[in-house]
Amino acid sequence: MTPPPSGTPAHPSYPPPLTSQERGLASVVTPQPPTATARPAQPRWARPALLALLLVTAVLYLWSLSASGYANQFYSAAVQAGSESWKAFFFGSSDAANSITVDKPPAALWPMALSVRLFGLGSWAILVPEALMGVATVGVLYGAVRRRFGAEAGLLAGGALAVTPVAALMFRFNNPDALLCLLMVCAIAAVLRALDDGRTKWLVLAGVCFGLGFLTKTLQAWLILPALAVVYVCCAPVALRRRFGQLLLAGLALVVSGGWWVAIVELWPASSRPYIGGSQHNSFLELTFGYNGFGRITGNETGSVGGGGGRPGGGGGWGETGITRLFSSDMGGQIAWLLPAAVILLVAGVWVLRRARRATAAEQAGQRAEFLVWGGALLTTFATFSFMSGIFHQYYNIALAPYIAALVGMGAALLWRRGGRGASLVLAATVAVTAGWSYVLLDRSPEWLPWLRWTVLGVGLVAAVGLLLPVRAGASVRNGEPVGDGKPVRDGGPARAGAPAGAGVPLRGGRRVAVLAAGLGVVTALAGPLAYTLDTVNTPKSGSIITAGPSVRGGMGGPGGGFPGGRPPGMWRGNNGGTAGGAPGGGQGAQGGQGAGGPQGTNQATRQGNGRAGNQPGNRAGNQPGNRGRLPGQAAGRQGTGWPGFPGGAGGPGGLGERGAGRMGGMGGLLNGSKVSAKAKTLLEKDAGDYTWAAAAIGSQNAASYQLATQKPVMAIGGFNGSDPSPTLAQFKAQVADGKIHYFIAGGRGGPGGGQGGSSKITSWVTKTFKKVTVGSATFYDLTRKA
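Let us look at the structure shown here. Not measured: the values here are computed from a predicted model. (Residues numbered from 1 in each chain as written. Predicted model: local features only at pLDDT ≥ 70, side-chain atom pairs only at ≥ 80, totals over all residues. Heavy atoms only, no water.)

Here's the deal with the overall build of the protein chain
Here is the rule we go by: Under the scheme used here, helices are H or I runs from DSSP no shorter than 4 residues and strands are E runs no shorter than 2 residues, and both carry numbers assigned from the N terminus. Relative accessible area decides the class of each residue, using a 1.4 Å probe on protein chains only: under 20% of the type maximum gives buried, over 50% gives exposed, and in between gives partly exposed.
Summing up its helical and strand segments, the protein chain has 23 helices and 10 strands in all. For the protein chain, the residues scored as buried account for 60% of the 787 residues in total.

Section: a nonpolar patch on the surface
How we decide: By definition, no residue in a patch forms a salt bridge, and every one has over 30% relative accessible area; like charges are joined within 9 Å, nonpolar side chains (Val, Leu, Ile, Met, Phe, Trp, Tyr) within 5 Å. Computed by Shrake-Rupley with a 1.4 Å probe, the accessible areas treat only the displayed protein chains as cover when residues are assessed. We count a salt bridge whenever a side-chain nitrogen from Lys or Arg sits within 4 Å of a carboxyl oxygen from Asp or Glu.
On the surface, a nonpolar cluster with roughly 340 Å² of combined accessible area is contributed by Leu55, Val59 and Trp63. Here Trp63 is to be found in the loop between α1 (46-62) and α2 (73-84).

Concerning the packing of helix α9 (residues 225-235) against helix α10 (residues 240-267)
How two helices pack is summed up by the angle between their axes together with the distance between the axes. Our working rule: An axis is simply a line fitted to the C-alpha atoms; with a helix, the fit covers only the stretch in contact. Between two such axes, the angle follows the N-to-C directions and lies from 0 to 180 degrees. Our angle categories are set so that under 35 degrees counts as roughly parallel, over 145 as roughly antiparallel, 65 to 115 as roughly perpendicular, and the remainder as oblique. In a left-handed crossing the near helix is turned counterclockwise from the far helix by less than a right angle, and in a right-handed crossing that turn is clockwise. Note on contacts: a residue pair is in contact if any heavy atoms of the two residues lie within 4.5 Å. Think of it as three bins: nonpolar holds Ala, Val, Leu, Ile, Met, Phe, Trp, Tyr, Cys and Pro, charged holds Asp, Glu, Lys and Arg, and polar takes everything else, Gly as well.
It is the contact of α9 with α10, at a shortest axis distance of 9 Å, that shows an interaxial angle of 155 degrees. Put simply, α9 runs roughly antiparallel to α10. The handedness of the crossing between α9 and α10 comes out as right-handed. Of the residues in α10, those touching α9 at Leu225, Ala229, Tyr232, Val233, Cys234 and Cys235 are Leu240, Arg243, Phe244, Gln246, Leu247 and Leu254. Here the contact of α9 with α10 is built from residues that sort into 10 nonpolar, one polar and one charged.

Some words on the nonpolar core
The condition is simple: By nonpolar core we mean a set of buried residues, namely Ala, Val, Leu, Ile, Met, Phe, Trp, Tyr and Cys, connected to one another through side-chain atoms within 4.5 Å.
The biggest cluster of nonpolar side chains holds 137 residues, and the ones touching the most others in it are Leu141, Ile188, Leu195, Trp374 and Ile404. Judged by nonpolar contacts, the second largest core, of 17 residues, contains Ala695, Ala697, Ala716 and Phe780.

Looking at the environment of Thr321
As for its placement among the helices and strands, Thr321 is situated in the loop between α11 (284-298) and α12 (329-335). Note on Thr321: relative accessible area 23%, which makes it partly exposed. Along the sequence, Thr321 and Thr384 sit 63 residues apart, while their C-alpha atoms lie 10.0 Å from each other.

Things to note about the sheet that holds strand β8 (residues 741-745)
Operational definition: At least two DSSP bridges between two strands are needed for those strands to be called paired.
One open sheet holds the five strands; their spatial order is β7-β6-β8-β10-β9, and the pairing between them is mixed. The sheet is open, and its two borders are formed by β7 (714-717) and β9 (770-775), each paired with just one other strand. On average, each strand axis in the sheet is inclined to that of its neighbour by 30 degrees, with strand direction left out of account. Of the pairings in the sheet, the one linking strand β6 (residues 693-698) to β8 comprises four bridges and is parallel in character. Across the sheet, Ala697 pairs through a bridge with Ile745, a residue of β8. The strands touched by helix α20 (residues 678-685) are β6, β8, β9 and β10 (778-786); relative to β9, the strand with the most contacts, the crossing angle is about 140 degrees. This element, helix α21 (residues 700-710), spans β6, β7, β8 and β10 of the sheet and lies at about 170 degrees to β7.

Section: the pairing of β7
Let me state the cut-off plainly: Handedness of a crossover is defined as follows: with both strands directed away from the viewer, a clockwise route from the first strand across the helix to the second makes it right-handed.
Here β7 shows a buried face lined by Val714 and Ala716 and a second buried face lined by Met715 and Ile717. Pairing of β6 with β7 involves four bridges; the strand directions are parallel. Bridge pairing in β7 places Ala695 opposite Val714. Read as a crossover between parallel neighbours, the route from β6 over α21 to β7 is right-handed.

Describing the packing of aromatic side chains
We apply this condition: Aromatic contacts are taken between Phe, Tyr and Trp rings whose centres are within 6.5 Å, Trp giving its six-membered ring; a plane angle under 30 degrees counts as stacked, one over 60 as edge-to-face, and the others as tilted. Cation placement over rings: the criterion is NZ of Lys or CZ of Arg within 6 Å of the ring centroid and within 35° of the ring normal.
Here the structure, examined in full by the defined rule, presents 30 aromatic pairs. Both rings, one in Tyr395 and one in Tyr396, keep their centres 5.2 Å apart while their planes meet at 80 degrees; by these two values the pair is edge-to-face. Judged by its relative accessible area of 7%, Tyr395 falls in the buried class. An aromatic cluster is present here, built from Trp86, Phe89, Phe90, Phe91, Trp110, Phe214, Trp222, Trp260, Trp261, Trp268 and Phe284 joined pairwise through their rings. Above the face of the Trp86 ring, Arg117 is positioned so that its terminal group lies 3.6 Å from the ring centre. One residue, Arg354, lies across the ring of Trp351, its end atom 3.8 Å from the ring centre.

Details of the pattern of salt bridges
Enumeration according to the criterion identifies 11 salt bridges in this entry. For the salt bridge of Glu363 with Arg148, the shortest nitrogen-to-oxygen distance reads 3.0 Å. With Glu363 in helix α14 (residues 362-387) and Arg148 in helix α5 (residues 123-162), this pair connects stretches of sequence that are 215 residues apart. For the residue pair Glu363 and Arg148, the accessibility class agrees, reading buried in each case. For the salt bridge of Asp197 with Arg199, the shortest nitrogen-to-oxygen distance reads 3.6 Å. The class for Asp197 is partly exposed, based on a relative accessible area of 24%.

Looking at α10
One full turn of an α-helix is made of 3.6 residues, so residues set three or four places apart face in the same direction. Our working rule: Multiplying 1.5 Å by the residue count of a helix minus one yields the expected span of that helix. The angle between axes fitted to the seven residues ending at a residue and the seven residues starting there is what we call the bend at that residue.
Taking 1.5 Å per residue as the helical rise, α10 with its 28 residues ought to reach 40 Å, and the 39 Å between its terminal C-alpha atoms agrees with that figure. The largest bend in α10 comes to about 50 degrees, at Gly259. When we look at burial in α10, the residues that qualify are Arg243, Gln246, Ala250, Ala253, Leu254, Ser257, Gly258, Trp261, Val262 and Val265.

Regarding unusual backbone geometry
Leaving glycine aside, a negative phi is the common case for residues, and trans is the common case for peptide bonds. Cis geometry marks the peptide bond from Ser726 to Pro727, where omega comes out at -10 degrees. Checked against the element boundaries, Pro727 lands in the loop between β7 and α22 (729-737). Located in the positive-phi region is Ser64, a residue other than glycine, with phi close to 50 degrees. Note that Ser64 resides in the loop between α1 and α2. Residue class for Ser64 comes out partly exposed when judged on its relative accessible area of 38%. We note that Asp687 has phi near 60 degrees; this positive angle belongs to a residue other than glycine. Assignment of secondary structure puts Asp687 in the loop between α20 and β6. In this structure Asp687 comes out as partly exposed when scored by relative accessible area, which is 42%.

With respect to the side chain of Ser438
Tracing the chain through its elements places Ser438 in helix α16 (residues 420-443). Those residues in contact with Ser438 that lie beyond four places of it in its chain are Trp337, Val456 and Thr524.

So, the packing of helix α13 (residues 339-352) against helix α15 (residues 401-418)
Look at α13 against α15: their axes get within 8 Å of each other, and the N-to-C directions meet at 50 degrees. Taken together, the axis directions place α13 and α15 in an arrangement best described as oblique. In this structure, α13 crosses over α15, and the sense of that crossing is left-handed. Every residue of α15 that contacts α13 at Leu339, Ala341, Ala342, Leu345, Leu346, Ala348, Gly349 and Val352 is listed here: Ile404, Leu407, Val408, Gly411, Ala412, Leu414, Leu415 and Arg418. Of the residues assigned to the contact of α13 with α15, the class counts are 13 nonpolar, two polar and one charged.

Below, the structure is given as structure tokens:
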């Protein structure tokens, strides 16, 4: 072997690739070619630690899972339909007779429908696949971060994701967001592997993940695509021309994996497939680019229940837009616990690695590329969520959770190993900022665990000071001399046993203080979100709009969810457990204490002023001043400040449907379905086999309640919002004449257009033409008997 020229060091001047010895044993690392990166074995404790993390995550996400019942009945009904009919499975139909689809592509329904086919219809069969997706997401995130930053960084990232409140919320729920989150993390992991070795297969795999993500939640899956493509073009270890060719192949994989289903649906004769829910012209492309696409950005969503287009603040009924949106009372506790820390560590990581060049410092250049990938995904998603004017729910923020967790794990590990004054100052500042921000978030629920916010603040400040003490004492050495300038440590010189070769080694006392301070810092950072997550896990969730954690001051607050920035006046709000679907649990006061519900759920009315109205048996009203008790199930709308399409902000119509006056659930059953009695169930099941649909109801949630109770097809007139033109009055009359529908379920209302459009015309025709049948508090019309 030819010796290096005189004056040339035998090793590069940058730290060698991370190894297990760097985290405990002295080692000598041979530099690798710039296009390849050494991947040493994990430390012995890494695999057991990973298994423990996954086990704890599984227990957390599976704990008391069945308490949420059918969770979001809108999707559960489609799952039930898919378990009965392969055609409904393929299209994502709301019922097995294929009248209309859900307003999303069907990929998220497929795992749940297969589970129900195997194990039968039930809460566990529907929700366990979602929980397992959460465990898988934590595992994939760990592996992606560990490759370049070590097992400690992977464990911190995985743990941070597992206890993020909105992640725990959605990995225990049956909305599409759980699968989308998993696919996005898998896509990023594949891109990172491509950045590592330049192999085309990893980019193709990423393209497949993005295609499947499109079949899960359409264009949201592509939010981070531009950022990832730019980073690959700039940082890939192959020739520039080859980079563009690889991206074209990845794009082809995306189109094929996401476009095959779209092509079939668009080419399938409309007369023999279900109506595309959420569209106004029975077109999936219209749904993709309109209601579920650019309409979410601009707020111009035809058929929506209210967007922000042209309204002050830009967010309309979904809260004001702006850079502080995700830090607001409704959003902060869901996702923002570690968001400031992630931004600080992203900036610090890119700054520390700013001069790395792949030709001379391959490992550092690779680390910088990973910061850019995760950081680009975070900033792109954050900007979109902050300024979109259309429909935006708190639980959408699960998309940010893995990006934040990854940056926290990577940044903390990088700065901790780097050592020196600069790194310690940044770590101390990060811990202090996180502790202070956690105090602010916890103080928004002053009656909930009041001791926790002070404990987090105090311990966090102690940890920050502890991280600074070794710096103040000059307690690190390089080549035997104390240093503290934060510069990279060079090889050579004696190193204390147990330290990596060439690393800056803290003095014994300073190291112990720093390790203890680091441990306290991690506890401080995760204590608040963990408390929120435990509250979430122990509170049943159901309905269309849910949130994690306790009630909060200054916003919609509390468990069960609502509309960011305040719900529409006079609107009933979906709650944890206490929902129309009969899931166990209870509701909560708008800003007061969490309510306690009976075993059949709660029947809550709308809010009057700042308080919770209604004292239905099994429900306790919130403690907010201004709460006014009402007759059981009585709704109270607030006039004068109406929501688009709901003049005067009136509550759902009373006296109709299973819940009686004000008992149809959110907005006349729009956000939550109805509670189905045993007598009503028996009525619909009788002779149901003689009809295509046992019944028809306005809105998907109302139809879903009866469909899940009877396991018979129930037509959802108007789709989710009740505003889709399916079926038209003429079509409905023809189906009734052909003897395809047995009963019409009274009650429910559509969104804008639905109240004055096809659904109201159908209701008017039915009530004037057919015989009314009352079962308890429920009202039906027998479509085989004229009035």
